[in-house]
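Chains, contacts and geometry: an overview
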Amino acid sequence: MAEGNRAVAAWILALLAGAAWLAPLPAPASTLPEQVRCASHDARRVHCPMDTSRGVVLVRQLSQNACIRESDWGVDAHGVWVARGCRAEFRAPPAADVATRRVVRCESRRGRVESCPVILRGAPVRLLRELALAPCRYGESWELGRNEIRVSRGCKGEFEIGDPETGFPPGPRLLECASRDHRRRSCGTTVERGVELVRQLSSAACVEGVSWGWDAGRVWVDEGCRAEFAVE
């Protein structure tokens, strides 16, 4: 009888162990950090994993070499990269500060006309930011089709698709623009109301009308000014 009880107990334990083994494990939480320090040594390109689902903001430059977005640093689905000796701290913006935006990236390779399909259905489209030195100008190097964005002349940019009924999300968009080697540089974007300097990132002064300014299609900087701007 005792042997029978032991056999039953062993069978129950084996059954429970099998059930535990078959039970699905909880999905692991994301372990990617929301803030990283990333450094390019010997001007090499370095990739640093981080959470980029809400975008990335350069918090503090640590190198003497310039850190200009899409030239010396950039973002992909798995983290942030730096090159040309850029060394800086990056972070994901707080969730409360992020507006939900529908963004399409479109690039003209070798100056050719490229079509980027997107379902518009009457939705407005605007240039969010340029991602290359070649300018993106509406009617010149980018335009809209029925359900497409067309780019040419080397234009590479991020384009925001608004809602057909309500338009674009309210509030400003952050844009970083930098003058390398004290040269004038334009950072293409769509300006509807105005631009304000949010944070100066350079030791060179950023003075409106002197070393930075804006018009309907861009923010420009000069004389070594590098800063974050709020664009509306």
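For the structure, check the block above.
Residues numbered from 1 in each chain as written. Predicted model: local features only at pLDDT ≥ 70, side-chain atom pairs only at ≥ 80, totals over all residues. Heavy atoms only, no water.

**Focus on unusual backbone geometry**
In this structure, A43 is a non-glycine residue whose phi angle is positive, near 65 degrees. Looking at the secondary structure, you find A43 in the loop between β1 (35–39) and β2 (46–49). Within the chain, R121 stands out as a residue other than glycine whose phi angle is a positive 50 degrees. Here R121 is to be found in the loop between β8 (114–117) and β9 (125–130). (Helix = DSSP H or I, 4+ residues; strand = E, 2+ residues; numbered from the N terminus.)

**Section: the state of the cysteines**
For the structure on display, the rule yields six disulfides. Put simply, C136 and C155 are joined by a disulfide, and their sulfur atoms are 2.1 Å apart. In this structure the cystine formed by C136 and C155 twists about its S-S bond by roughly 105 degrees; its chirality is therefore right-handed. In this pair, C136 sits in the loop between β9 and β10 (142–144) while C155 sits in the loop between β11 (148–151) and β12 (156–161), placing the two residues 19 residues apart along the sequence. Looking at C136, the relative accessible area reads 2%, which means it is buried. Judged by relative accessible area, which is 0%, C155 ranks as buried. Note that C206 is cross-linked by a disulfide to C225, the S-S spacing being 2.1 Å. Around the S-S axis, the bridge from C206 to C225 shows a dihedral of about 110 degrees and counts as right-handed. (Disulfide = S-S within 2.5 Å. Buried < 20%, exposed > 50% of the residue type's maximum accessible area, 1.4 Å probe, protein only.)

Everything listed is a geometric property; what it means functionally is a separate question.
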